[in-house]
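Examination of the molecular architecture
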Amino acid sequence: MAFEKAKNHSLVLKEKLKKWNYEYYVNDNPSVSDQEYDQAMQELIAIEQQYSELITIDSPTQRVSGEVSEKFNKYVHTSPMLSLGNAFNYDDLIHFDEQIKELTGLSEVEYTCELKIDGLSISLVYEQHLLVMGVTRGDGIIGEDVTVNIKKIKSIPLRIDQPNLTVRGEVYLSIEEFNNINEERVKNGEPKFSNPRNAASGTLRQLDSAIVAKRNLNAFLYYYVNAAQDGIQSQKTALQRLEQLKFKTNPEYRYCPNIAAVWVYIQEYGSKRHQLGYEIDGIVIKVNNLNLYNRIGYTAKNPKWAIAYKFPSEVVVTNLLNIFPSVGRTGRITYNAIFEPVLIAGTVVRAATLHNADFITERDIRIGDTVQVKKAGDIIPEVINYVAGQRQIKTPKWQEATNCPECQLLLERVDGKVDQYCINSICPKKITRGLEHYCSRNAMNIEGVSEKIIERLFKLGYLKSFSDLYQLEQYRSKIIELENFGDKSFENMINSINNSKNNSLERLLFGLGIRHVGKKTAKLLARQFKTIDNLTTIKIEQLAVINDIGSIVAASVVNYFATPAKQQELALLRKIGIKMEYIASNQHLIKKFENYRFVITGVLSKPREYFKELFESYGGQVSESVSAKTTYLLAGSDAGNKLVKAQKLNVKIISEEEFKQLLNKEE
Ligand code: IVH
């Protein structure tokens with residue numbers, strides 16, 4: 001076909017396919033047969049193969065072609081993706097409503113109720129009418145660029161009738177699709193996905209986009225970012241505008257003139273939820289009037305103008321077969337229940353936590369009882385209580401363990417706490433659990449070193465500490481002789497262990513298992529102090545002044561680094577070549593803030609960490625106090641001493657708005 005003719009024909013085909021696509025995937029109302037659709041698609045593919053210059057980024061062919069990525073790039077959200085506070089009952093809801101009435105001075109507040117789709121949230125960025133970016137939520141500040149995969153979701157428009165837009169929503173899998181995928185997986189001998197959300201999440205983060213194209217992911221969009229700036233007055237009109245732009249919105253939403261109407265909606269969908277064809281885990285209630293949002297405001301994590309009502313968890317009954325204690329890496333004893341398998345919220349469950357001994361004795365739960373089990377937050381199975389009236393008369397009372405199930409040492413209750421602890425620092429289980437934690441995905445991310453392998457190598461005496469991991473090479477000949485272990489798996493394990501030497505500091509900090517230092521705190525510390533040396537010499541007072549680090553965490557960190565055994569282990573790790581520095585994860589190529597020093601103060605629209613990360617990603621430095629060397633003071637409202645000092649020293653003071661302009665200014 002001659003080029004001009006091919007070009008015109010491709011335009012016609014693209015328009016047709018786009019229209020049919022919308023009819024089929026958004027409106028559920030196709031006007032042509034599948035064959036007609038496929039034929040047009042094949043024609044377009046053929047033309048694009050002949051003239052690759054005709055492939056545009058919004059071509060419908062982009063939804064079916066596959067490509068393999070090595071990994072996904074990081075993306076800093078232009079406005080953070082917040083989560084929502086929860087309401088579990090009527091009282092929580094009334095409290096939410098009253099708080100808003102107080103903050104706005106209104107006597108009645110209007111709401112929009114929406115279904116809380118149980119999927120994973122995404123953010124879509126359109127520039128010059130085109131979808132240029134599809135990002136996962138990540139930690140809310142930085143997400144992953146999964147644009148190639150997002151394009152495979154056929155209900156998401158690749159081009160819209162508006163130049164710019166950031167819109168957010170939920171990617172999900174219908175229950176039917178979820179079952180299809182699992183059937184296919186069983187056929188291929190692959191493990192099943194446990195629920196539609198996991199399946200959707202696993203699919204969206206697939207590196208091979210051809211697989212994504214085959215699984216019919218879908219998306220409901222519900223959040224028009226900066227709607228008020230675009231002249232939209234309410235959530236209801238925002239949703240209508242999204243519909244007009246041909247996005248798939250959830251049809252079940254409802255305008256509610258007051259909180260009483262919200263409660264009616266919740267009741268209604270509490271019973272309708274299983275007939276929807278997709279899973280929901282609650283109802284999202286949003287103040288309808290967008291102009292009130294700023295007045296109502298935000299907490300550190302959540303907007304105060306919306307709340308998520310969570311449906312009560314499903315409760316089932318089963319027979320309790322056994323109760324046994326287990327010891328964790330901190331020595332804490334948890335009790336577990338084994339019962340006859342039951343189906344809860346879509347999965348078969350055989351075991352659940354009973355927390356601590358007090359939990360069991362207070363409820364007088366006994367082995368042999370009929371018990372009620374639920375999934376807390378619909379994730380972790382939990383025993384609630386036994387069913388009175390179904391107990392056999394002679395069922396003996398349950399007795400708590402007195403000795404550690406692993407090392408047999410006497411258990412202790414520390415500082416009058418409810419939990420029992422094994423305080424033996426060489427308890428084998430504490431050591432292997434600590435190693436497991438060190439290797440885990442969020443810590444040093446060492447693949448191929450499972451719980452089983454750790455326990456085997458520990459028993460053989462090859463692995464007792466973190467540093468031993470890096471010296472396993474010397475046992476190569478013995479390890480590859482072990483059952484289910486060969487040259488290849490040994491090689492993979494060693495590679496993965498060695499790769500972990502180059503991790504950024506927060507992974508090590510988390511992996512060390514310092515008490516009270518979770519993933520988030522580890523990141524905060526790494527960002528703030530940059531190297532482990534800066535941390536080992538820190539004083540409690542210096543730590544406790546940092547936002548989000550309380551005195552308990554501060555004391556625990558200082559105590560950890562002051563312990564001789566820990567110091568020795570860290571020295572060994574250093575000798576082995578473990579990097580102990582923070583590596584900023586999202587780096588921009590153009591270091592437009594190189595040699596700039598920033599100080600941040602006052603109340604800003606987003607957490608300070610967000611701005612810090614942003615400055616640093618452009619090569620800037622952020623410090624705590626203003627000096628003559630400070631380039632800019634980014635000042636929010638209620639700025640105090642730092643502002644005064646900056647004025648005195650003639651340091652340039654910028655607002656958030658000016659900062660944005662600075663960031664967007666072309667070099
Ligand atoms: S609004 C700033 N609306 O629930 C408010 N969220 O717990 C943004 N979700 O992260 C959220 N359906 O992944 C909103 N109709 C809906 C939703 C919804 C599901 C998810 C979303 C969010 C989480 C909040």
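Since we're looking at a predicted model, the values are computed, not measured.

A separate point is the packing of helix H1 (residues 3–26) against helix H2 (residues 34–50). At a minimum axis separation of 10 Å, H1 and H2 run at an interaxial angle of 145°. Seen from above, H1 lies across H2 with left-handed handedness. Only Asp34, Glu36, Tyr37, Ala40, Met41, Glu43, Leu44, Ile47 and Glu48 of H2 make contact with H1, whose side of the interface consists of Ala6, His9, Ser10, Leu13, Lys14, Leu17, Trp20, Asn21 and Tyr24. Of the residues assigned to the contact of H1 with H2, the class counts are ten nonpolar, three polar and five charged.

Here the focus is unusual backbone geometry. Working note: non-glycine residues mostly have negative phi, and peptide bonds are mostly trans. Phi angles above zero are rare outside glycine, and Gln408 is one such case at about 70°. Structurally, Gln408 is set in the loop between strand S16 (380–386) and strand S17 (412–413). Classification of Gln408 by relative accessible area gives partly exposed; the value is 49%. At Lys530, a position not held by glycine, the phi torsion is positive, near 65°.

Attention now goes to the environment of Lys16. Here Lys16 lies in helix H1. Judged by relative accessible area, which is 38%, Lys16 ranks as partly exposed. For the pair Lys16 and Tyr37, spaced 21 residues apart in the sequence, the C-alpha separation amounts to 8.8 Å.

Another aspect to go through is empty space enclosed by the protein. All chains considered together, the criterion is met by one cavity of 30 Å³ or more. One number sums up the size of the largest cavity: a volume of about 60 Å³. Around the largest cavity, the lining residues are Glu114, Leu115, Ile117, Phe220, Leu221, Tyr222, Leu239, Asn250 and Tyr253. The set of elements that each furnish at least two residues to the lining of the largest cavity consists of strand S3 (111–117) and strand S8 (218–224).

With parallel pairing, the four strands of this open sheet are ordered in space as S20-S19-S21-S22. Single-partner strands in this sheet number two, and they are strand S20 (621–623) and strand S22 (652–654). Averaged over all pairs of adjacent strands, the angle between their axes in this sheet comes to 30°, without regard to strand direction. In the packing of helix H23 (residues 608–617) onto the sheet, the strands contacted are strand S19 (597–601), S20 and strand S21 (632–635), and the crossing angle to S19 comes to about 170°. Each of S21 and S22 is contacted by helix H25 (residues 656–664), which is oriented at about 100° to S22, the strand it contacts most.

Neighbouring the ligand are Leu84, Glu114, Leu115, Lys116, Ile117, Ser121, Glu170, Tyr222, Val284, Lys286, Pro303 and Trp305. Between Leu115 and the ligand, the recorded distance is 3.2 Å, taken from a backbone N or O atom to a nitrogen atom. Breaking the shell around the ligand down by element, the ones donating at least two residues are S3 and strand S10 (280–287). In terms of residues, the shell around the ligand owes the most to one element, S3, which gives four residues.

Right, let's get into H23. Burial analysis of H23 places nine of its ten residues in the buried class, which makes it a mostly covered element. What H23 keeps buried is the set Glu609, Tyr610, Phe611, Lys612, Glu613, Leu614, Phe615, Glu616 and Ser617. Remark: Gly619 follows H23 within two positions and exhibits a positive phi of approximately 90°.

This brings us to the pairing of strand S12 (residues 315–327). Strand direction decides the pairing type here: S12 and strand S15 (residues 370–376), joined by five bridges, are antiparallel. Each residue of the ladder has a partner; that of Thr318, found in S15, is Val371. Pairing between S12 and strand S13 (residues 333–344): seven bridges, direction antiparallel. Opposite Pro325, over in S13, you have Tyr335 as the bridge partner.

A separate point is the packing of aromatic side chains. How two aromatic rings sit relative to each other is given by the distance of their centres and the angle of their planes. Inspection of every chain in the model, using the stated rule, returns 30 aromatic pairs. Judged by centre distance (5.3 Å) and plane angle (65°), the ring pair of Phe220 and Tyr278 falls under edge-to-face. With Phe220 in strand S8 and Tyr278 in the loop between helix H9 (259–272) and S10, the pair connects residues that are 58 residues apart, well separated along the chain. Across the pair, exposure class does not vary: Phe220 and Tyr278 are buried alike. Relative to Tyr309, the ring of Trp263 has its centre 5.9 Å away and its plane inclined at 85°; by these criteria the two rings are edge-to-face. Taken together, the residues span a long stretch of sequence, with Trp263 in helix H9 and Tyr309 in strand S11 (residues 306–310) at a distance of 46 residues. By way of ring pairs, the aromatic residues Phe593, Tyr596, Phe598, Phe611, Phe615, Tyr618, Tyr632 and Phe659 are connected into one cluster. Positioned over the ring face of Phe193 is Arg185, at 4.1 Å from the centre of the ring. The ring of Tyr22 carries the charged tip of Lys246 above its face, separated from the ring centre by 5.4 Å.

Together, Leu321, Phe324 and Ile338 make up a nonpolar patch on the protein surface, roughly 230 Å² of accessible area in all. Given the relative accessible area of 33%, Phe324 is considered partly exposed.

Predicted confidence across the protein chain gives a mean pLDDT of 90, with 98% of residues reaching 70 or more. At the level of individual helices and strands, the protein chain shows its lowest average pLDDT in H23, which scores 81, and its highest in S3, which scores 98.

Spatially, four strands are ordered S5-S4-S7-S8 in an open sheet, and the strand pairing comes out antiparallel. Whereas interior strands pair on both sides, the edge strands pair on one side only; in this sheet they are strand S5 (130–136) and S8. Pairs of neighbouring strands in the sheet enclose a mean axial angle of 30°, with direction left out of account. Against the sheet, helix H6 (residues 196–204) touches strand S4 (120–127), S5 and strand S7 (165–172), its axis set at about 40° to S4. The sheet strands contacting helix H8 (residues 235–244) are S7 and S8, and the helix crosses S8 at an angle near 135°.

Helical geometry: 3.6 residues make up each α-helical turn, so side chains three or four residues apart lie on a common side. The end-to-end C-alpha distance of H9 is 20 Å, a good match for the 20 Å that 14 residues give at a rise of 1.5 Å each. Residues of H9 that are buried include every one of Ile259, Val262, Tyr265, Ile266 and Tyr269, and no others. For H9, the angular spread of buried residues about the axis comes to 105°, placing them on one side.

A separate point is the environment of Pro60. Tracing the chain through its elements places Pro60 in the loop between H2 and strand S1 (74–76). What makes Pro60 buried here is its relative accessible area of 8%. Those residues in contact with Pro60 that sit more than four places away from it in its chain are Lys14, Leu17, Lys18, Met41 and Leu44.

Definitions and cut-offs
Residues numbered from 1 in each chain as written. Predicted model: local features only at pLDDT ≥ 70, side-chain atom pairs only at ≥ 80, totals over all residues. Heavy atoms only, no water. Axes fitted to C-alpha atoms, helices over the stretch in contact; angles between N-to-C directions. Helix = DSSP H or I, 4+ residues; strand = E, 2+ residues; numbered from the N terminus. Left-handed = near helix turned anticlockwise from the far one by under 90°. Contact = heavy atoms within 4.5 Å. Nonpolar A, V, L, I, M, F, W, Y, C, P; charged D, E, K, R; others polar. Buried < 20%, exposed > 50% of the residue type's maximum accessible area, 1.4 Å probe, protein only. 1 Å grid on protein atoms, 1.4 Å probe; cavity = no way out; pocket = protein on both sides within 12 Å on 5 of 7 lines; lining within 4 Å. Points joined across faces, edges and corners; volume = space filled by probe spheres on them. Pairing = 2+ DSSP bridges. Near = heavy atom within 4 Å. Polar contact = N/O pair within 3.5 Å; in protein donor to acceptor, adjacent residues only side chain to side chain. Phe/Tyr/Trp six-rings, centres within 6.5 Å; stacked < 30°, edge-to-face > 60°. Lys NZ or Arg CZ within 6 Å of the ring centre and 35° of its normal. Patch = residues over 30% accessible without salt bridge, like charges linked within 9 Å, V, L, I, M, F, W, Y side chains within 5 Å. Areas by Shrake-Rupley, 256 points an atom, 1.4 Å probe, with all protein chains shown as cover. Salt bridge = Lys/Arg side-chain N within 4 Å of Asp/Glu carboxyl O. pLDDT = per-residue confidence, 0-100. Expected span 1.5 Å × (residues − 1). Arc of directions from axis to C-beta.

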